[in-house]
Amino acid sequence: MTFAFRILVSAALLLSPAAAQTGGNAISTTTISLGTATPGGGFPLYGSAFAEVMNAADGALTIAPRNTKGSNENIPLLEKRELDLALVAGEPAYEAFAGIGRAPVRLKILTAIYSNPGMFVVRADSPYKTIHDLVGQPVAFGARGSGLPILSRYVLDGLGLKQDEDFKAIYLDRAGDGPAMVEDGRVAALWGAGIGWPGFAAVASSVSGARFIAPGADEIARIRAKHAFLKPLTVPAGSYPKQSAPIASLGSWSFVLTREDLPDDVAYRLARTLHGAEATFCKKLAQACETTAANTVVAAPRPELIHPGVMKYYREIGVVK
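Residues numbered from 1 in each chain as written. Predicted model: local features only at pLDDT ≥ 70, side-chain atom pairs only at ≥ 80, totals over all residues. Heavy atoms only, no water.

Draft legend 1. View of the layout of surface pockets. If you add up the space inside the largest pocket, you get close to 260 Å³. Taken together, Gly 90, Ala 93, Tyr 94, Phe 229, Lys 231, Ser 252, Trp 253, Phe 255, Val 298, Ala 299, Ala 300 and Pro 301 form the lining of the largest pocket. Residue assignment for the lining of the largest pocket shows that the elements contributing at least two residues are α4 (90-98), β12 (247-258) and α12 (293-299). Residues that form the lining of the largest pocket fall into these classes: nine nonpolar, two polar and one charged. (1 Å grid on protein atoms, 1.4 Å probe; cavity = no way out; pocket = protein on both sides within 12 Å on 5 of 7 lines; lining within 4 Å. Points joined across faces, edges and corners; volume = space filled by probe spheres on them. Helix = DSSP H or I, 4+ residues; strand = E, 2+ residues; numbered from the N terminus. Nonpolar A, V, L, I, M, F, W, Y, C, P; charged D, E, K, R; others polar.)

Structure below.
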C-alpha cells in the first residue's frame, strides 16, 4: 500500500457513519483486509462475526475477511502489508514479538480476541483418559500453519513429551477435517483450544459424543515451570454439548494484529467501533464476549505492543492512564 493510498484510507475512515450517505447517494466505503485461517476452524468463524458487527456499526467501514493458512502465514502477510489486520494465535504472536527463530516483528495489537485453553477431545467411548494415554497414538494437532500445533508443542514439551516423536502427529490441510477423523477412528484425538471452538463442538455433537483431556493440576504446574508465558485458563461448564463441569487447562490469548504502518487514526476508529459494539458482538458469538478493552490490556505481553491509536482510545475511556 503506497503512502498516498494510506492517506486516502485514513481520511475515508474519519467519515462518520452519518456521512456515509450524501443526498441519498451512498459514498464508497473503505475496505480493511482481515486474514483468518482455513475453513472449519475458530478464526474464520470469529473473523466473519467480527466483520459483520464492525460493518454494521460503521457504515463507512468494510472489514473483508480472507481465508489464509493461519497464524504462521498471517504474520508475514502483515509484514509485507498484504493484509491490514489478521488473527494470530497467542504462541505465534509470542514468538514473533520475542524474536524466537526470527527477527522481532514490529506489528501492533488491535485487540485481544479470546483466551485459548488447550486440550484434546476423544470419542466418549474411547479408552483414553490422560495425555500419556495418547502417547503412540495418531493425533490430529490442527491445521498446518495455525497456532494450535505450536501451543500443543509447548504444552507437551512441559511434560517431557515430543509432539512428532511420541505421537503419530497429523497436521490438517483444513481445520474442519479433524472432527470426522475422530468420529471414524482415523485419529485417537484432536487437539484444539478455546471456548466454543468449532472442532470441539462438532465432536461433542456427534453420535459418539466427546470426552475432553486436559493437563491435570500437577501437569499444569510442570508446564508453567518451563513455559511461564502460558496462563491457567478454564473452559466453563456448558461450553460444549454435555460438558457438565468446568475444565481447567492453560494456554494464551489470541489477537487481532495490525500491519506496522496502520495509521493511528485508523486504529483509533477501529477500536472505538469495536468496543462500542462489545455487547452486540457478545450476543452474536460466545467467544467474542472476551473481546474487551480491559482484556486486551491484561493479555498484551507489553503495553507498548498495543497500537498507539488504540491506546489513545483506551486512555479516553479510562482503561489505561
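Draft legend 2. Structural view of the packing of helix α10 (residues 264-276) against helix α13 (residues 308-317). With their axes 7 Å apart at the nearest point, α10 and α13 run at an angle of 50° to one another. With respect to each other, α10 and α13 are oriented oblique. α10 and α13 meet at a crossing whose hand is right-handed. In contact with Asp 264, Ala 267, Tyr 268, Ala 271, Arg 272, His 275 and Gly 276 of α10, α13 contributes Pro 308, Gly 309, Val 310, Lys 312, Tyr 313, Tyr 314 and Glu 316. Of the residues belonging to the contact of α10 with α13, the class tally is seven nonpolar, three polar and four charged. (Axes fitted to C-alpha atoms, helices over the stretch in contact; angles between N-to-C directions. Parallel < 35°, antiparallel > 145°, perpendicular 65-115°, else oblique. Left-handed = near helix turned anticlockwise from the far one by under 90°. Contact = heavy atoms within 4.5 Å.)

Draft legend 3. Main features of the state of the cysteines. This model, assessed by the stated rule, comprises one disulfide. The disulfide that involves Cys 282 links it to Cys 289, with 1.9 Å between the sulfurs. Because the torsion about its S-S bond is 80°, the bridge between Cys 282 and Cys 289 counts as right-handed. For Cys 282, a relative accessible area of 28% translates into the label partly exposed. On the accessibility criterion, Cys 289 (35% relative accessible area) is partly exposed. (Disulfide = S-S within 2.5 Å. Buried < 20%, exposed > 50% of the residue type's maximum accessible area, 1.4 Å probe, protein only.)

Draft legend 4. How the structure looks around empty space enclosed by the protein. If you walk through the whole model with that rule in mind, you get two cavities of 30 Å³ or more. In this structure, the largest cavity encloses a volume near 230 Å³. Forming the walls of the largest cavity are 21 residues, and the residues nearest its centre are Phe 43, Ser 146, Gly 147, Leu 148 and Trp 197. Listed by contribution, the elements that provide at least two residues to the lining of the largest cavity are α2 (42-57), α4, β6 (108-123) and α5 (148-158).

Draft legend 5. Representation of the packing of aromatic side chains. Going through the model one piece at a time under the given rule, you end up with 16 aromatic pairs. Seen in terms of ring centroids, Phe 120 and Trp 191 are 4.8 Å apart; in terms of plane orientation they differ by 65°. Their pairing is edge-to-face. Highlighted residues: Phe 120 in strand β6 and Trp 191 in strand β9 (residues 189-193), separated in sequence by 71 residues. Neither Phe 120 nor Trp 191 differs from the other in exposure class; each is buried. When the centroid spacing of 4.9 Å and the interplanar angle of 85° are considered together, the rings of Tyr 154 and Phe 229 count as edge-to-face. Here Tyr 154, found in helix α5, pairs with Phe 229, found in the loop between α9 (217-226) and β11 (231-235); they are 75 residues apart in sequence, far enough to count as distant. Seen from the ring of Tyr 268, Lys 312 lies directly overhead, with NZ or CZ sitting 5.2 Å from the centre. (Phe/Tyr/Trp six-rings, centres within 6.5 Å; stacked < 30°, edge-to-face > 60°. Lys NZ or Arg CZ within 6 Å of the ring centre and 35° of its normal.)

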